[in-house]
Amino acid sequence: MPQPSTAYRLMPEVKIRRESFGGILYKYGCADRGALSFINSPQLIDLLIESQQQYDGNVSAAIAHRRYSESSKQKLYAALDNLIERGYIQQEI
Amino acid sequence: MTDFVRFIERSPRHIGTIHPLALNALQEAGTPAPQPPPTQRGSQRFLQGGLSAPITVTWEITAACNIACVHCLSASGRRRPNELTTTQALALVDELADMQVFQIHFGGGEPFIYPGIWKVLERCTERGLVMCVSTNGTLITTERARRLKQFNPLYFQVSLDGGTERTNDSIRGKGVFTRALRGLELLAAEQHSLTVNSVLTRHSFYELDRLYEIAVSFGAKLRVTRLRPSGRGRDVWEDLHPTQEQYREFTVWLSAHPDVLTADSFFHLNALGHKLAGLDTCGAATATCCICPEGEVYPCAFFQAPEFEAGNLHTQSFREIWQQSTLFDYYRKMGSGACSGCGQYNVCHGGCPATKWFVHQKLSIRDPECVLA
(Lines give C-alpha, C1' and ligand atoms only; values in the text may rest on other atoms or scores of the structure.)
Protein backbone atom coordinates (compact mmCIF):
# COMPACT_ATOMS: atom_id res chain seq x y z
CA MET A 1 0.00 0.00 0.00
CA PRO A 2 1.30 3.49 -0.81
CA GLN A 3 2.13 6.05 1.82
CA PRO A 4 -0.09 9.15 1.66
CA SER A 5 2.66 11.20 0.05
CA THR A 6 3.67 8.53 -2.44
CA ALA A 7 2.86 8.91 -6.13
CA TYR A 8 2.81 6.05 -8.58
CA ARG A 9 4.32 7.07 -11.91
CA LEU A 10 4.66 5.17 -15.17
CA MET A 11 8.23 4.84 -16.35
CA PRO A 12 8.74 7.01 -19.43
CA GLU A 13 9.95 4.00 -21.45
CA VAL A 14 6.62 2.22 -21.10
CA LYS A 15 4.31 1.87 -24.08
CA ILE A 16 0.74 0.62 -23.72
CA ARG A 17 -1.62 -0.91 -26.25
CA ARG A 18 -5.19 -2.05 -25.84
CA GLU A 19 -6.06 -5.61 -26.90
CA SER A 20 -9.28 -7.61 -26.74
CA PHE A 21 -8.20 -9.33 -23.51
CA GLY A 22 -7.03 -6.08 -21.89
CA GLY A 23 -3.72 -4.84 -23.17
CA ILE A 24 0.04 -5.05 -23.42
CA LEU A 25 2.71 -3.19 -21.50
CA TYR A 26 6.03 -2.90 -23.24
CA LYS A 27 9.13 -1.33 -21.78
CA TYR A 28 11.98 -0.83 -24.16
CA GLY A 29 15.63 -0.79 -23.43
CA CYS A 30 15.92 -3.62 -20.95
CA ALA A 31 15.92 -6.85 -22.94
CA ASP A 32 15.84 -8.24 -26.46
CA ARG A 33 12.76 -6.41 -27.49
CA GLY A 34 11.99 -4.80 -24.15
CA ALA A 35 10.05 -6.19 -21.24
CA LEU A 36 6.59 -7.33 -22.11
CA SER A 37 3.52 -8.06 -20.03
CA PHE A 38 0.04 -9.15 -21.02
CA ILE A 39 -2.56 -7.54 -18.77
CA ASN A 40 -5.98 -9.14 -18.76
CA SER A 41 -7.74 -6.21 -17.12
CA PRO A 42 -9.18 -3.64 -19.53
CA GLN A 43 -9.89 -1.35 -16.58
CA LEU A 44 -6.25 -1.31 -15.52
CA ILE A 45 -5.13 -0.67 -19.09
CA ASP A 46 -7.61 2.21 -19.41
CA LEU A 47 -6.31 3.73 -16.20
CA LEU A 48 -2.68 3.49 -17.32
CA ILE A 49 -3.43 4.99 -20.72
CA GLU A 50 -5.33 7.84 -19.08
CA SER A 51 -2.39 8.38 -16.72
CA GLN A 52 -0.03 8.58 -19.65
CA GLN A 53 -2.17 10.78 -21.87
CA GLN A 54 -3.69 13.16 -19.34
CA TYR A 55 -1.49 13.10 -16.23
CA ASP A 56 2.03 12.89 -17.59
CA GLY A 57 2.33 9.32 -16.33
CA ASN A 58 1.14 10.14 -12.82
CA VAL A 59 -1.06 7.13 -12.04
CA SER A 60 -1.97 8.42 -8.59
CA ALA A 61 -3.44 11.57 -10.10
CA ALA A 62 -5.55 9.49 -12.48
CA ILE A 63 -6.75 7.34 -9.58
CA ALA A 64 -7.71 10.43 -7.57
CA HIS A 65 -9.66 11.76 -10.52
CA ARG A 66 -11.60 8.50 -10.95
CA ARG A 67 -12.81 8.31 -7.31
CA TYR A 68 -12.57 4.54 -6.76
CA SER A 69 -14.18 2.87 -3.77
CA GLU A 70 -11.79 1.84 -1.01
CA SER A 71 -12.10 -1.86 -1.87
CA SER A 72 -11.40 -1.17 -5.54
CA LYS A 73 -8.41 0.93 -4.56
CA GLN A 74 -7.00 -1.95 -2.50
CA LYS A 75 -7.12 -4.24 -5.55
CA LEU A 76 -5.76 -1.56 -7.79
CA TYR A 77 -2.79 -0.82 -5.58
CA ALA A 78 -2.00 -4.53 -5.37
CA ALA A 79 -1.90 -4.63 -9.18
CA LEU A 80 0.23 -1.49 -9.29
CA ASP A 81 2.66 -2.94 -6.74
CA ASN A 82 3.07 -5.88 -9.08
CA LEU A 83 3.86 -3.50 -11.93
CA ILE A 84 6.45 -1.80 -9.73
CA GLU A 85 8.14 -5.17 -9.23
CA ARG A 86 8.17 -5.69 -12.98
CA GLY A 87 9.69 -2.27 -13.59
CA TYR A 88 6.84 -0.51 -15.36
CA ILE A 89 5.98 1.88 -12.54
CA GLN A 90 8.06 3.70 -9.99
CA GLN A 91 7.10 5.29 -6.71
CA GLU A 92 7.86 8.94 -6.13
CA ILE A 93 7.88 10.47 -2.69
CA MET B 1 0.64 -16.71 -58.92
CA THR B 2 -0.51 -19.71 -60.94
CA ASP B 3 1.00 -22.04 -58.36
CA PHE B 4 -1.24 -20.63 -55.67
CA VAL B 5 -4.78 -21.61 -54.94
CA ARG B 6 -7.43 -19.61 -53.19
CA PHE B 7 -8.69 -21.44 -50.17
CA ILE B 8 -12.36 -20.60 -50.12
CA GLU B 9 -13.64 -22.38 -47.06
CA ARG B 10 -12.31 -19.87 -44.55
CA SER B 11 -14.30 -17.09 -43.04
CA PRO B 12 -15.02 -14.30 -45.55
CA ARG B 13 -12.96 -11.91 -43.47
CA HIS B 14 -9.82 -13.81 -44.39
CA ILE B 15 -8.08 -12.79 -47.55
CA GLY B 16 -5.28 -13.92 -49.76
CA THR B 17 -4.04 -17.20 -51.03
CA ILE B 18 -2.44 -20.13 -49.34
CA HIS B 19 -0.01 -22.41 -51.07
CA PRO B 20 -1.16 -26.05 -51.22
CA LEU B 21 2.06 -27.27 -49.61
CA ALA B 22 1.58 -24.87 -46.69
CA LEU B 23 -2.08 -25.77 -46.39
CA ASN B 24 -1.29 -29.46 -46.29
CA ALA B 25 1.46 -29.02 -43.70
CA LEU B 26 -0.73 -26.83 -41.47
CA GLN B 27 -3.64 -29.24 -41.68
CA GLU B 28 -1.37 -32.18 -40.84
CA ALA B 29 -0.29 -30.37 -37.69
CA GLY B 30 -3.90 -30.44 -36.54
CA THR B 31 -5.75 -27.94 -34.45
CA PRO B 32 -4.75 -26.64 -31.04
CA ALA B 33 -5.63 -28.44 -27.86
CA PRO B 34 -8.62 -27.01 -26.01
CA GLN B 35 -8.01 -23.56 -24.58
CA PRO B 36 -6.21 -23.70 -21.23
CA PRO B 37 -8.28 -22.94 -18.17
CA PRO B 38 -8.30 -19.29 -17.15
CA THR B 39 -6.08 -19.99 -14.15
CA GLN B 40 -3.21 -21.18 -16.34
CA ARG B 41 -0.40 -18.72 -16.77
CA GLY B 42 1.73 -18.21 -19.85
CA SER B 43 1.82 -16.00 -22.88
CA GLN B 44 0.47 -18.48 -25.39
CA ARG B 45 -3.16 -18.02 -24.35
CA PHE B 46 -2.85 -14.32 -25.21
CA LEU B 47 -0.96 -14.84 -28.43
CA GLN B 48 -2.98 -17.63 -29.94
CA GLY B 49 -6.02 -15.45 -30.58
CA GLY B 50 -3.90 -13.00 -32.53
CA LEU B 51 -2.96 -9.52 -31.36
CA SER B 52 -4.25 -6.37 -33.05
CA ALA B 53 -0.69 -5.73 -34.25
CA PRO B 54 2.72 -7.32 -33.85
CA ILE B 55 4.82 -6.40 -30.86
CA THR B 56 7.95 -6.35 -32.98
CA VAL B 57 8.29 -6.37 -36.74
CA THR B 58 11.46 -7.63 -38.34
CA TRP B 59 11.98 -5.62 -41.49
CA GLU B 60 14.62 -6.84 -43.91
CA ILE B 61 14.80 -3.56 -45.69
CA THR B 62 17.18 -4.60 -48.45
CA ALA B 63 18.73 -7.82 -49.69
CA ALA B 64 21.88 -5.97 -50.63
CA CYS B 65 24.86 -6.90 -48.53
CA ASN B 66 28.56 -6.24 -48.74
CA ILE B 67 29.45 -9.59 -47.19
CA ALA B 68 28.13 -13.11 -47.81
CA CYS B 69 27.68 -15.17 -44.65
CA VAL B 70 27.42 -18.87 -45.33
CA HIS B 71 24.37 -19.20 -43.07
CA CYS B 72 22.53 -16.03 -44.11
CA LEU B 73 18.88 -16.65 -43.26
CA SER B 74 17.67 -14.56 -46.18
CA ALA B 75 20.35 -15.54 -48.69
CA SER B 76 21.28 -11.89 -49.08
CA GLY B 77 23.76 -10.47 -51.55
CA ARG B 78 22.40 -8.31 -54.35
CA ARG B 79 19.66 -5.76 -54.15
CA ARG B 80 16.39 -7.23 -55.48
CA PRO B 81 14.49 -5.57 -58.32
CA ASN B 82 11.21 -4.82 -56.55
CA GLU B 83 12.50 -3.63 -53.20
CA LEU B 84 10.22 -1.10 -51.50
CA THR B 85 11.05 2.47 -52.44
CA THR B 86 11.82 5.04 -49.78
CA THR B 87 8.36 6.55 -50.29
CA GLN B 88 6.76 3.14 -49.74
CA ALA B 89 9.00 2.51 -46.75
CA LEU B 90 8.00 5.80 -45.12
CA ALA B 91 4.32 5.00 -45.64
CA LEU B 92 4.92 1.62 -44.06
CA VAL B 93 6.51 3.23 -41.01
CA ASP B 94 3.40 5.40 -40.66
CA GLU B 95 1.14 2.38 -40.92
CA LEU B 96 3.11 0.42 -38.33
CA ALA B 97 3.02 3.43 -36.00
CA ASP B 98 -0.73 3.83 -36.52
CA MET B 99 -1.17 0.17 -35.57
CA GLN B 100 0.89 0.78 -32.42
CA VAL B 101 3.61 -1.69 -33.28
CA PHE B 102 6.15 -1.19 -30.51
CA GLN B 103 9.44 -1.92 -32.22
CA ILE B 104 10.94 -2.34 -35.67
CA HIS B 105 13.95 -4.54 -36.01
CA PHE B 106 15.81 -3.57 -39.19
CA GLY B 107 17.86 -6.22 -40.87
CA GLY B 108 18.71 -7.35 -44.34
CA GLY B 109 21.00 -7.58 -46.14
CA GLU B 110 22.90 -4.77 -44.60
CA PRO B 111 20.48 -1.97 -43.63
CA PHE B 112 23.05 0.76 -44.18
CA ILE B 113 23.15 -0.08 -47.88
CA TYR B 114 19.46 0.79 -48.26
CA PRO B 115 19.40 4.30 -49.79
CA GLY B 116 16.47 5.51 -47.68
CA ILE B 117 17.64 4.18 -44.33
CA TRP B 118 18.31 7.61 -42.85
CA LYS B 119 14.87 8.92 -43.78
CA VAL B 120 13.25 5.75 -42.45
CA LEU B 121 15.04 6.03 -39.10
CA GLU B 122 14.09 9.69 -38.94
CA ARG B 123 10.42 8.85 -39.53
CA CYS B 124 10.54 6.12 -36.89
CA THR B 125 11.91 8.65 -34.41
CA GLU B 126 9.16 11.12 -35.28
CA ARG B 127 6.51 8.43 -34.83
CA GLY B 128 7.88 7.12 -31.54
CA LEU B 129 8.81 3.66 -32.79
CA VAL B 130 11.60 1.83 -31.01
CA MET B 131 14.33 0.91 -33.49
CA CYS B 132 16.84 -1.87 -33.49
CA VAL B 133 19.31 -2.13 -36.35
CA SER B 134 21.02 -5.42 -37.00
CA THR B 135 24.23 -4.67 -38.87
CA ASN B 136 27.41 -6.43 -39.83
CA GLY B 137 29.23 -3.35 -38.51
CA THR B 138 31.58 -3.03 -41.44
CA LEU B 139 30.02 0.13 -42.87
CA ILE B 140 30.03 2.10 -39.63
CA THR B 141 32.24 5.16 -39.81
CA THR B 142 32.96 7.86 -37.27
CA GLU B 143 30.67 10.24 -39.11
CA ARG B 144 27.83 7.70 -39.33
CA ALA B 145 28.14 6.70 -35.67
CA ARG B 146 27.78 10.38 -34.72
CA ARG B 147 24.94 11.03 -37.13
CA LEU B 148 23.01 8.06 -35.74
CA LYS B 149 22.85 9.74 -32.33
CA GLN B 150 19.95 11.88 -33.55
CA PHE B 151 17.65 8.85 -33.65
CA ASN B 152 16.02 7.66 -30.47
CA PRO B 153 15.40 5.10 -29.09
CA LEU B 154 17.81 3.19 -31.28
CA TYR B 155 19.66 -0.03 -30.50
CA PHE B 156 22.30 -1.85 -32.48
CA GLN B 157 23.06 -5.49 -32.94
CA VAL B 158 26.46 -6.11 -34.44
CA SER B 159 27.00 -9.65 -35.65
CA LEU B 160 29.95 -11.80 -34.65
CA ASP B 161 29.66 -15.52 -35.24
CA GLY B 162 32.74 -16.49 -33.34
CA GLY B 163 34.99 -15.13 -30.65
CA THR B 164 38.02 -15.50 -32.87
CA GLU B 165 38.89 -14.28 -36.32
CA ARG B 166 39.20 -17.84 -37.55
CA THR B 167 35.74 -18.99 -36.49
CA ASN B 168 33.93 -15.78 -37.33
CA ASP B 169 35.52 -15.31 -40.74
CA SER B 170 34.92 -18.91 -41.74
CA ILE B 171 31.22 -18.00 -41.61
CA ARG B 172 31.09 -14.28 -42.32
CA GLY B 173 34.02 -13.82 -44.69
CA LYS B 174 37.67 -12.90 -44.66
CA GLY B 175 38.52 -9.79 -42.70
CA VAL B 176 35.01 -9.32 -41.33
CA PHE B 177 35.96 -10.03 -37.71
CA THR B 178 38.38 -7.10 -37.58
CA ARG B 179 36.01 -4.77 -39.42
CA ALA B 180 33.09 -5.68 -37.18
CA LEU B 181 35.17 -4.99 -34.08
CA ARG B 182 36.03 -1.59 -35.54
CA GLY B 183 32.33 -0.93 -36.08
CA LEU B 184 31.62 -1.87 -32.48
CA GLU B 185 34.39 0.43 -31.35
CA LEU B 186 32.98 3.39 -33.28
CA LEU B 187 29.42 2.81 -32.05
CA ALA B 188 30.62 2.35 -28.46
CA ALA B 189 32.61 5.58 -28.71
CA GLU B 190 29.34 7.41 -29.36
CA GLN B 191 27.72 5.55 -26.48
CA HIS B 192 25.13 3.78 -28.58
CA SER B 193 23.20 0.97 -26.96
CA LEU B 194 24.80 -2.21 -28.28
CA THR B 195 24.49 -5.94 -28.36
CA VAL B 196 26.88 -8.37 -29.96
CA ASN B 197 24.68 -10.82 -31.84
CA SER B 198 26.01 -14.31 -32.34
CA VAL B 199 24.44 -17.35 -33.97
CA LEU B 200 25.27 -20.46 -31.97
CA THR B 201 27.03 -23.06 -34.08
CA ARG B 202 28.95 -26.15 -33.15
CA HIS B 203 32.13 -24.14 -33.68
CA SER B 204 31.20 -20.88 -31.93
CA PHE B 205 29.94 -22.92 -28.97
CA TYR B 206 33.54 -23.26 -27.76
CA GLU B 207 34.01 -19.50 -27.92
CA LEU B 208 31.01 -18.34 -25.89
CA ASP B 209 33.20 -17.08 -23.06
CA ARG B 210 35.35 -15.14 -25.50
CA LEU B 211 32.27 -13.66 -27.17
CA TYR B 212 31.00 -12.62 -23.77
CA GLU B 213 34.31 -10.91 -23.01
CA ILE B 214 34.25 -9.08 -26.33
CA ALA B 215 30.74 -7.81 -25.70
CA VAL B 216 31.62 -6.62 -22.21
CA SER B 217 34.72 -4.85 -23.54
CA PHE B 218 32.45 -2.64 -25.66
CA GLY B 219 29.92 -2.07 -22.89
CA ALA B 220 27.56 -4.29 -24.88
CA LYS B 221 25.38 -7.26 -24.06
CA LEU B 222 25.86 -10.60 -25.74
CA ARG B 223 22.85 -11.95 -27.61
CA VAL B 224 23.09 -15.57 -28.68
CA THR B 225 20.54 -16.84 -31.19
CA ARG B 226 19.62 -20.18 -32.66
CA LEU B 227 20.86 -21.24 -36.10
CA ARG B 228 17.98 -21.87 -38.50
CA PRO B 229 18.12 -23.77 -41.77
CA SER B 230 16.60 -20.93 -43.77
CA GLY B 231 18.21 -19.13 -46.72
CA ARG B 232 21.80 -20.25 -47.12
CA GLY B 233 21.47 -21.78 -43.67
CA ARG B 234 19.95 -24.81 -45.34
CA ASP B 235 23.22 -25.53 -47.09
CA VAL B 236 25.29 -25.54 -43.90
CA TRP B 237 22.72 -26.78 -41.41
CA GLU B 238 24.14 -30.28 -41.06
CA ASP B 239 27.67 -28.98 -40.57
CA LEU B 240 26.92 -26.12 -38.23
CA HIS B 241 23.94 -26.82 -36.02
CA PRO B 242 24.98 -27.61 -32.44
CA THR B 243 24.99 -31.15 -31.10
CA GLN B 244 22.60 -32.30 -28.41
CA GLU B 245 25.45 -32.41 -25.92
CA GLN B 246 26.42 -28.84 -26.78
CA TYR B 247 22.85 -27.72 -26.26
CA ARG B 248 22.83 -29.33 -22.82
CA GLU B 249 26.05 -27.55 -21.87
CA PHE B 250 24.74 -24.34 -23.40
CA THR B 251 21.76 -24.28 -21.03
CA VAL B 252 24.16 -24.61 -18.11
CA TRP B 253 26.29 -21.81 -19.53
CA LEU B 254 23.22 -19.62 -19.97
CA SER B 255 22.14 -20.11 -16.38
CA ALA B 256 25.60 -18.96 -15.31
CA HIS B 257 25.27 -15.87 -17.54
CA PRO B 258 21.79 -14.51 -16.84
CA ASP B 259 22.58 -11.21 -18.55
CA VAL B 260 23.02 -12.92 -21.93
CA LEU B 261 20.09 -12.35 -24.27
CA THR B 262 18.67 -15.10 -26.44
CA ALA B 263 15.92 -13.46 -28.52
CA ASP B 264 13.66 -16.13 -27.01
CA SER B 265 15.04 -18.42 -29.70
CA PHE B 266 16.01 -21.45 -27.59
CA PHE B 267 12.67 -22.26 -26.00
CA HIS B 268 12.91 -25.77 -27.46
CA LEU B 269 15.59 -26.33 -24.79
CA ASN B 270 12.99 -25.82 -22.05
CA ALA B 271 12.22 -29.51 -22.49
CA LEU B 272 15.50 -30.22 -20.70
CA GLY B 273 13.75 -29.16 -17.53
CA HIS B 274 15.07 -25.67 -16.90
CA LYS B 275 12.84 -22.95 -18.31
CA LEU B 276 14.81 -20.20 -20.00
CA ALA B 277 13.81 -16.55 -19.62
CA GLY B 278 11.42 -15.08 -22.16
CA LEU B 279 8.65 -16.45 -24.30
CA ASP B 280 8.24 -20.22 -24.20
CA THR B 281 6.51 -20.43 -27.54
CA CYS B 282 6.99 -19.40 -31.13
CA GLY B 283 5.98 -15.78 -31.64
CA ALA B 284 5.75 -16.04 -35.42
CA ALA B 285 2.57 -14.50 -36.85
CA THR B 286 1.43 -13.70 -33.31
CA ALA B 287 3.95 -11.46 -31.57
CA THR B 288 6.07 -10.78 -34.62
CA CYS B 289 6.34 -11.19 -38.36
CA CYS B 290 8.85 -10.41 -41.08
CA ILE B 291 8.66 -7.90 -43.90
CA CYS B 292 11.08 -8.72 -46.70
CA PRO B 293 12.74 -6.35 -49.16
CA GLU B 294 10.24 -6.81 -51.97
CA GLY B 295 7.26 -6.36 -49.66
CA GLU B 296 6.68 -10.03 -48.88
CA VAL B 297 5.29 -10.68 -45.41
CA TYR B 298 6.20 -13.94 -43.67
CA PRO B 299 5.43 -15.38 -40.23
CA CYS B 300 8.97 -14.63 -39.07
CA ALA B 301 12.44 -13.86 -40.36
CA PHE B 302 13.33 -17.55 -40.32
CA PHE B 303 10.31 -18.62 -42.31
CA GLN B 304 11.02 -16.95 -45.64
CA ALA B 305 9.56 -19.77 -47.73
CA PRO B 306 7.41 -18.75 -50.71
CA GLU B 307 4.80 -21.26 -49.57
CA PHE B 308 4.39 -19.26 -46.36
CA GLU B 309 4.09 -15.79 -47.81
CA ALA B 310 1.08 -14.20 -46.10
CA GLY B 311 0.80 -11.29 -48.49
CA ASN B 312 2.72 -8.57 -50.30
CA LEU B 313 2.88 -4.88 -49.53
CA HIS B 314 2.94 -3.95 -53.20
CA THR B 315 -0.70 -5.03 -53.38
CA GLN B 316 -2.02 -5.06 -49.81
CA SER B 317 -1.68 -2.97 -46.70
CA PHE B 318 0.22 -4.37 -43.75
CA ARG B 319 -2.89 -4.12 -41.61
CA GLU B 320 -4.84 -6.24 -44.10
CA ILE B 321 -2.16 -8.88 -44.15
CA TRP B 322 -1.73 -8.99 -40.37
CA GLN B 323 -5.41 -9.06 -39.55
CA GLN B 324 -6.93 -10.96 -42.49
CA SER B 325 -4.34 -13.20 -44.10
CA THR B 326 -5.58 -16.76 -44.50
CA LEU B 327 -2.06 -18.07 -44.02
CA PHE B 328 -1.64 -16.24 -40.70
CA ASP B 329 -5.07 -17.42 -39.58
CA TYR B 330 -4.06 -21.01 -40.15
CA TYR B 331 -0.64 -20.50 -38.65
CA ARG B 332 -2.05 -19.07 -35.41
CA LYS B 333 -4.28 -22.08 -35.02
CA MET B 334 -1.59 -24.66 -35.68
CA GLY B 335 -1.83 -27.74 -33.50
CA SER B 336 0.85 -29.73 -31.72
CA GLY B 337 1.17 -32.51 -34.31
CA ALA B 338 3.54 -35.27 -33.23
CA CYS B 339 4.17 -33.45 -29.94
CA SER B 340 0.62 -34.09 -28.84
CA GLY B 341 0.74 -35.91 -25.53
CA CYS B 342 4.38 -35.09 -24.82
CA GLY B 343 4.84 -34.14 -21.18
CA GLN B 344 7.12 -31.27 -22.10
CA TYR B 345 4.87 -29.65 -24.71
CA ASN B 346 3.68 -27.00 -22.27
CA VAL B 347 7.21 -25.67 -21.86
CA CYS B 348 8.53 -25.88 -25.43
CA HIS B 349 5.33 -25.85 -27.53
CA GLY B 350 6.92 -28.07 -30.14
CA GLY B 351 9.87 -25.83 -30.94
CA CYS B 352 10.49 -23.89 -34.15
CA PRO B 353 8.06 -24.45 -37.06
CA ALA B 354 10.49 -22.91 -39.55
CA THR B 355 13.18 -25.42 -38.62
CA LYS B 356 10.69 -28.27 -39.06
CA TRP B 357 9.69 -26.96 -42.45
CA PHE B 358 13.13 -26.37 -43.87
CA VAL B 359 14.51 -29.68 -42.63
CA HIS B 360 11.58 -31.99 -43.39
CA GLN B 361 8.89 -29.94 -45.22
CA LYS B 362 6.45 -30.79 -42.45
CA LEU B 363 4.97 -28.95 -39.47
CA SER B 364 3.41 -31.93 -37.77
CA ILE B 365 6.75 -33.37 -36.64
CA ARG B 366 8.90 -32.72 -33.59
CA ASP B 367 11.51 -29.99 -33.80
CA PRO B 368 14.53 -31.56 -35.58
CA GLU B 369 16.62 -30.42 -32.61
CA CYS B 370 14.16 -31.70 -30.00
CA VAL B 371 16.27 -32.48 -26.96
CA LEU B 372 14.09 -35.45 -26.08
CA ALA B 373 14.71 -37.18 -29.38
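Residues numbered from 1 in each chain as written. Chains lettered and ligands numbered in written order. Predicted model: local features only at pLDDT ≥ 70, side-chain atom pairs only at ≥ 80, totals over all residues.

## A word on the overall build of chain A
Then comes step 1: Of the regular secondary structure elements, chain A holds three helices and five strands.
Then comes step 2: Here chain A holds 93 residues, and the buried ones make up 30% of them.
Then comes step 3: Taking all contacts inside chain A whose residues are at least 6 apart in sequence as the whole, residues at least 24 apart take part in 49%. (Helix = DSSP H or I, 4+ residues; strand = E, 2+ residues; numbered from the N terminus. Buried ≥ 20, exposed ≤ 12 C-beta atoms within 10 Å, placed from the backbone. Contact = placed C-beta atoms within 7 Å.)

## Quick look at helix 1 (residues 20-28) of chain B
Residues and elements named next belong to chain B.
Then comes step 1: The complete set of buried residues in helix 1 reads A22, A25 and L26. Projected down its long axis, helix 1 shows its buried positions confined to an angular sector of 95°, all on one face.
Then comes step 2: For helix 1, the secondary structure elements touched by its buried residues are helix 12 (326-332) and helix 14 (353-360).
Then comes step 3: Just downstream of helix 1, G30 is the residue with a positive phi angle, here 80°. (Arc of directions from axis to C-beta.)

## Side note on the sheet that holds strand 8 (residues 296-298) of chain B
Residue and element names in this part refer to chain B.
Then comes step 1: Ordered in space as 6-5-4-3-2-1-7-8-9, the nine strands form an open sheet in which the pairing is mixed. Each having just a single partner strand, strand 6 (221-226) and strand 9 (311-312) make up the two edges of the open sheet.
Then comes step 2: In this sheet, strand 2 (residues 103-107) lies alongside strand 1 (residues 56-60) in parallel orientation, the contact comprising five bridges. Its bridge partner being in strand 2, V57 is matched across the sheet by I104. (Pairing = 2+ DSSP bridges.)

## As for the sheet that holds strand 3 (residues 22-27) of chain A
Where strands meet in a sheet, backbone hydrogen bonds hold them as pairs that are either parallel or antiparallel.
All names here are of chain A.
Then comes step 1: Across the sheet, which stays open at both edges, the three strands sit in the order 2-3-4 with antiparallel pairing between neighbours. Two strands bound the open sheet, and with one partner strand each, they are strand 2 (14-19) and strand 4 (35-39). Between one strand axis and the next, the sheet turns through 15° on average, direction left out of account.
Then comes step 2: In the sheet, strand 3 pairs with strand 4 via five bridges, with the strands oriented antiparallel. Directly across from G23, in strand 4, lies its bridge partner I39.
Then comes step 3: Along the sheet face, helix 1 (residues 42-54) touches strand 2, strand 3 and strand 4 and points at about 135° away from the line of strand 2. (Axes fitted to C-alpha atoms, helices over the stretch in contact; angles between N-to-C directions.)

## Description of the nonpolar core
Then comes step 1: In this structure, V59(A), I104(B), M131(B), C289(B), Y298(B) and C300(B) are the most contacted members of the largest nonpolar core, which totals 115 residues.
Then comes step 2: What C289(B) contacts, discounting residues up to four positions off in sequence, is P54(B), V57(B), A284(B), V297(B), Y298(B), P299(B), C300(B) and W322(B). (Core = buried A, V, L, I, M, F, W, Y, C linked by C-beta atoms within 7 Å.)

## A look at the pairing of strand 4 (residues 154-159) of chain B
Side-chain positions along a regular strand alternate between the two faces of the sheet.
All names here are of chain B.
Then comes step 1: The element strand 4 is largely enclosed, with a buried count of five among its six residues.
Then comes step 2: Relative to strand 4, strand 3 (residues 130-135) runs parallel, the two sharing five bridges. When the bridges of strand 4 are listed, M131 appears paired with L154.
Then comes step 3: As for the winding sense of the linkage, the β-α-β connection from strand 3 through helix 5 (residues 142-147) to strand 4 is right-handed.
Then comes step 4: Here strand 4 runs beside strand 5 (residues 193-200); their pairing, made up of five bridges, is parallel. Bridged to S159 within strand 5 is N197. (Right-handed = clockwise from strand over helix to strand, strands pointing away.)

## Quick word on helix 8 (residues 208-217) of chain B
Residue and element names in this part refer to chain B.
Then comes step 1: Within helix 8 the residues assigned to the buried category are L208, L211, Y212, I214 and A215. Taken down its axis, helix 8 places every buried residue within 160° of arc, on the same side. The exposed residues of helix 8 that point more than 90 degrees off its buried face are D209 and E213.
Then comes step 2: Its buried side turned inward, helix 8 meets strand 5, strand 6 and helix 10 (244-256).
Then comes step 3: The positive-phi residue at the C-terminal boundary of helix 8 is G219, with phi of around 70°.

## Notes on the pairing of strand 3 of chain A
All names here are of chain A.
Then comes step 1: The buried fraction of strand 3 amounts to five of the six residues, a majority that puts the element mostly inside the structure.
Then comes step 2: Judged from the six bridges that link them, strand 2 and strand 3 form a sheet pairing that is antiparallel. For R18, the partnering residue across the bridge sits in strand 3 and is G23.
Then comes step 3: With antiparallel pairing between neighbouring strands as the criterion, strand 2 and strand 3 make up a hairpin whose turn holds two residues.

## Brief notes about the environment of R80(B)
All names here are of chain B.
Then comes step 1: Turning to its location among the elements, R80 is positioned in the loop between strand 1 and helix 3 (86-98).
Then comes step 2: Along the primary structure R80 and A301 are separated by 221 residues, whereas in three dimensions their C-alpha atoms are 17 Å apart.
Then comes step 3: With near-sequence residues (within four places) excluded, R80 lies in contact with A63, P293 and E294.

## Regarding unusual backbone geometry
Residue and element names in this part refer to chain B.
Then comes step 1: The residue after G108, namely G109, is reached through a cis peptide bond having omega 15°.
Then comes step 2: Examined against the element boundaries, G109 turns out to sit in the loop between strand 2 and helix 4 (117-126).
Then comes step 3: Residue P153 is reached from N152 by a cis peptide bond, and omega for that bond is -10°.
Then comes step 4: Here P153 lies in the loop between helix 5 and strand 4.
Then comes step 5: The phi angle at H349 is positive, at roughly 50°, despite the residue not being glycine.
Then comes step 6: In this fold, H349 is placed in the loop between helix 13 (345-348) and helix 14.
Then comes step 7: Backbone geometry places Q361, a non-glycine residue, at a positive phi of 55°.
Then comes step 8: Tracing the backbone through its elements, the reader meets Q361 in the segment after helix 14.

## A word on the environment of N152(B)
Then comes step 1: Looking at where N152(B) falls in the secondary structure, it is placed in the loop between helix 5 and strand 4.
Then comes step 2: We classify N152(B) as partly exposed; it has 13 C-beta atoms within 10 Å.

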